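Residue-level structure breakdown
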Protein chains: 2
Amino acid sequence: MVDECLARRVLLLTRTISGVYNEALRPLGLTVAQLNLLVIVAKRGPVSPGEVAKRLNMEKSTMSRNVRLMEDHGWLSVSPGQSGRAQVLTIESKGRKLIEKALPLWQGAQERAKALLGERGARSIHTIADTVGKQLQHE
Amino acid sequence: MVDECLARRVLLLTRTISGVYNEALRPLGLTVAQLNLLVIVAKRGPVSPGEVAKRLNMEKSTMSRNVRLMEDHGWLSVSPGQSGRAQVLTIESKGRKLIEKALPLWQGAQERAKALLGERGARSIHTIADTVGKQLQHE
DNA sequence: CGCATTGAGTTGCATGTACAACTTATGCCC
DNA sequence: GGGCATAAGTTGTACATGCAACTCAATGCG
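Residues numbered from 1 in each chain as written. Chains lettered and ligands numbered in written order. Predicted model: local features only at pLDDT ≥ 70, side-chain atom pairs only at ≥ 80, totals over all residues. Heavy atoms only, no water.

Another point: the pattern of salt bridges. Taken as a whole, this structure holds 4 salt bridges over all chains when the rule is applied. In this structure, aspartate 130 of chain B engages arginine 9 of chain A in a salt bridge whose closest nitrogen and oxygen atoms are separated by 3.2 Å. Taken together, the positions of aspartate 130 of chain B in helix 5 (residues 93-137) and arginine 9 of chain A in helix 1 (residues 6-25) put the pair across two chains. Residue classification places aspartate 130 of chain B among the partly exposed positions, given a relative accessible area of 37%. Since its relative accessible area comes to 12%, arginine 9 of chain A is described here as buried. Between arginine 68 of chain B and aspartate 72 of chain B there is a salt bridge, and its shortest N-O distance comes to 3.5 Å. Of this pair, arginine 68 of chain B and aspartate 72 of chain B are both found in helix 4 (residues 60-72), 4 residues apart, which corresponds to roughly one turn of the helix. Like arginine 68 of chain B, the residue aspartate 72 of chain B is exposed in the burial classification. (Salt bridge = Lys/Arg side-chain N within 4 Å of Asp/Glu carboxyl O. Helix = DSSP H or I, 4+ residues; strand = E, 2+ residues; numbered from the N terminus. Buried < 20%, exposed > 50% of the residue type's maximum accessible area, 1.4 Å probe, protein only.)

A few words on the relation of the copies chain B and chain A. Superposition of chain B onto chain A requires a rotation of 180° combined with a translation of 0.0 Å along the rotation axis, giving an RMSD of 0.0 Å. Such a combination of rotation and displacement between the chain copies is what one expects of a two-fold axis. (Least-squares fit on C-alpha atoms with pLDDT ≥ 70 in both.)

What follows deals with the protein's contact with DNA strand D. Residues in contact with DNA strand D amount to 26 residues; listed here are only the nearest, Arg15, Ser64 and Arg65 of chain A together with Thr31 and Arg85 of chain B. Looking at DNA strand D alone, sugar and phosphate atoms form 61% of those within 4 Å of the protein. Between DNA strand D and arginine 15 of chain A, the relevant distance is 2.7 Å, taken from a phosphate oxygen to a side-chain nitrogen or oxygen of the residue. In the model, a base oxygen of DNA strand D is placed 3.2 Å from a nitrogen or oxygen of the arginine 65 of chain B side chain. Looking at the surface near DNA strand D, the elements that each hand over two or more residues are helix 1, helix 3 (49-55) and helix 4 (60-72) of chain A together with helix 2 (32-43) and helix 4 of chain B. Ranked by residues supplied to the surface near DNA strand D, first place goes to helix 4 of chain B with 5 residues. Its residues assigned to classes, the surface near DNA strand D comprises 6 nonpolar, 12 polar and 8 charged. (Near = heavy atom within 4 Å. Polar contact = N/O pair within 3.5 Å; in protein donor to acceptor, adjacent residues only side chain to side chain. Nonpolar A, V, L, I, M, F, W, Y, C, P; charged D, E, K, R; others polar.)

Set out below in structure tokens:
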């Protein structure tokens, strides 16, 4: 049972792979989770937290707290949205600069991660995550 | 950048897949991480925490806390090992019974996870985790 | 023998994560 | 208009996780 468990395997992968990135980013006081969030906000312009959370299949409460941290750092700003308690996230210049600085570190980590997974493995992860991502959208 | 990031993808996979298992196991007040630990202890007989942590590529401190929780539940026992502050973990009958009860729930989750990943995807995850696991042993 | 090193666990602190329950604002239906 | 349902965030609580620093025991070396 234990050997086949898919959860055990993805947990192992996450511990290993995200460790590689976090180690690389540590000098910036930044984690991969935060970097990804930041890049999404930078790319997709003003977005609502809920939208990002849905795309990442992340709990809204988790999103809320992650956003809070990054706002405290001044990397992004939270402003009231159109209606109700809607919010929009916008990247700040401090956040853009951080992404610039993170890029080379990220690249190094990406190389190391690829080496760990193997070229085939890395491609598989891409495919699989896409598959899962698409299914989540159709819910 | 963000789209290629392997860490982002494995994080997404973990959130999604482990969620499936945790939802299934919730009636037992058990998480997948705990179940995996419990099964390892059950299978590999008296083992040291450090050994299990190494196999799972998990920080010893994380292991320490996870063990503590499960000991509190009476699922396993911790006894002093041969020397120094070495410890050995042993499954308790309460733990064995819990595994029995968890089995059918786990199977359901495994099916759902396979459906999400696709048959090919599930196999790939197996292969990749094996590859990574072996590389960790050779360190 | 005495001290430095190493090994195994633990603890302080911080992040990432989820579920449940709560707060507010909108919108809808009668 | 008055409730009722829904949508978006927040907060309480708990687990999973890692790093740094610490405790203690064993070991080795001069």
